[in-house]
Structure formats: structure tokens, C-alpha cells
Amino acid sequence: ISARVRVTLARDGASVEARQKVVDRYTGLSLIEIDRKEVAGLEVDQETPAVGAAIFTAAAAGMDDPLVSFGILGGVNRSVGTRLPPCLQCDLRTTASSSGAPLVDRSGKLIGIVVASEVADNGAGWTYAIPARHVQRLLDAESNQGLVVLQPQRPRLGLTLGPGTEPGTVLVERVIEDGPAAQAGLEVGDVVISTD
């Protein structure tokens, strides 16, 4: 799964080898590492800014100077297709090469990574970004034991259901210890008559 990755540094144009540390199959993001330690990283903001907050991004293709864009956070938990988690929606102008660019707040803290944009004929449109909490997941998963691959996980209730004795009901047949159903107070023999 590990691919050869090279990074071109904006400061001096040097091309350096990078190593994949974490690959997240849910977000499509990868955490890579380079040996040039003088390259400063961004601080990850632990909280998503409020809708309407000022945001910035910058991206460049190859050795071009970065295109900097300023806008507002238009929405959170927005759907972009079926293969991405809920994204941040912004009114930033971006380029075709902006995917992977950082999205930062006024203090320069990372709030997301640009993954998609839709541009109308008049140049207006929306930019979508994976929230920074997913970047933090990659940082938390990093290991010195080699490449870590995070797989998408299906939600689980921690129980087994069967037909109830009355039409339209379901019987709880098994509850996994310390699972979400057990923590919610469900027990074997409970009858589910509706869900929310």
C-alpha cells in the first residue's frame, strides 16, 4: 500500500522523499513525514469555528506562487458524495490543484483540508474540506512500527435482534457487554416498538 511520495518545498524548491505514516481510507487523507525538520507544521484547532467565521486557504501547483483565498465558513456537516465524511462548506475560491490545501482560521490554526470544490460558470462556488478532527485522528494513530491503515468502520449497536411476539415489534436477543446498547440500558428480552 505504501507509495513513493515526493514533496516540493515552497521555501527553496527542494524535492524531498516522504514516507507515508498513516493512510485513512475513510477520508482519503494520508499523514506523511519528511526529514526536513525546519519546515514548520500547523497547529490543529480542536474546535470547529462557528458558521460565518473568517477562513483562509493557500495552494499552488508545482513551483507557482500560492494562490491565497479568504472567505467564510458557510456550513458544517455537509455531504459531498458518499465516500467522504461530513465536510466543512466554504465560499473560498480555489484552483484545480487546491485539493490537499490547508484551511485555517484567523490565528493560522488548521481547521480542515480541502478535498473538493464546485465552481459555477461565473467563478463562484463552494469549497469543501475534511474537518481537522480527522487530521487529529491521523496524528493520534501514528506509530513507529510502520505504516498504519485506518479502515472505515460501520456503526454498531452491540446487540442482536429477532422478531417480537407482536406484529411490528422486535425482540432484543443478545446484548454485547459494554457496547452502545448496554450503555444505553437495553437488556435481553426488551421489546423494541419504535426507533428514532
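These remarks concern the structure in this document. On a predicted model such as this, the values are computed, not experimentally measured, just so you know. (Residues numbered from 1 in each chain as written. Predicted model: local features only at pLDDT ≥ 70, side-chain atom pairs only at ≥ 80, totals over all residues. Heavy atoms only, no water.)

1. Some remarks on the pairing of strand E2 (residues 15-24)
The element E2 is largely enclosed, with a buried count of seven among its 10 residues. Two elements, strand E1 (residues 5-8) and E2, share four bridges in a ladder whose sense is antiparallel. Across the sheet, residue Arg-6 finds its bridge partner in E2, namely Glu-17. The turn joining E1 and E2, which pair antiparallel and follow one another in sequence, is formed by six residues; a positive phi near 75° is taken by Gly-13. The pairing of E2 with strand E3 (residues 30-34) spans five bridges and is classified as antiparallel. (Buried < 20%, exposed > 50% of the residue type's maximum accessible area, 1.4 Å probe, protein only. Helix = DSSP H or I, 4+ residues; strand = E, 2+ residues; numbered from the N terminus. Pairing = 2+ DSSP bridges.)

2. Topic: the pattern of salt bridges
Considering all chains together, one arrives at five salt bridges under this definition. Note that Arg-137 is salt-bridged to Asp-24, the shortest N-O span being 3.0 Å. In this pair, Arg-137 is assigned in helix H1 (residues 132-141) and Asp-24 in strand E2, connecting sequence segments 113 residues apart. Taking relative accessible area as the criterion, Arg-137 reaches 32% and is therefore assigned partly exposed. (Salt bridge = Lys/Arg side-chain N within 4 Å of Asp/Glu carboxyl O.)

3. A word on the nonpolar core
Core analysis: the biggest nonpolar cluster contains 15 residues, and Val-22, Leu-29, Val-135 and Leu-138 have the highest contact counts within it. When contributions to this core are tallied by element, the ones reaching two or more residues are strand E8 (110-119), strand E9 (125-131), H1 and strand E10 (148-150). Take this core: its biggest share by element is three residues, from H1. Of all hydrophobic cores here, the second largest spans eight residues; its members include Ile-55, Leu-73, Leu-88 and Ile-111. (Core = buried A, V, L, I, M, F, W, Y, C linked by side-chain atoms within 4.5 Å.)

Note that all results are geometric; they support no functional claim without further evidence.
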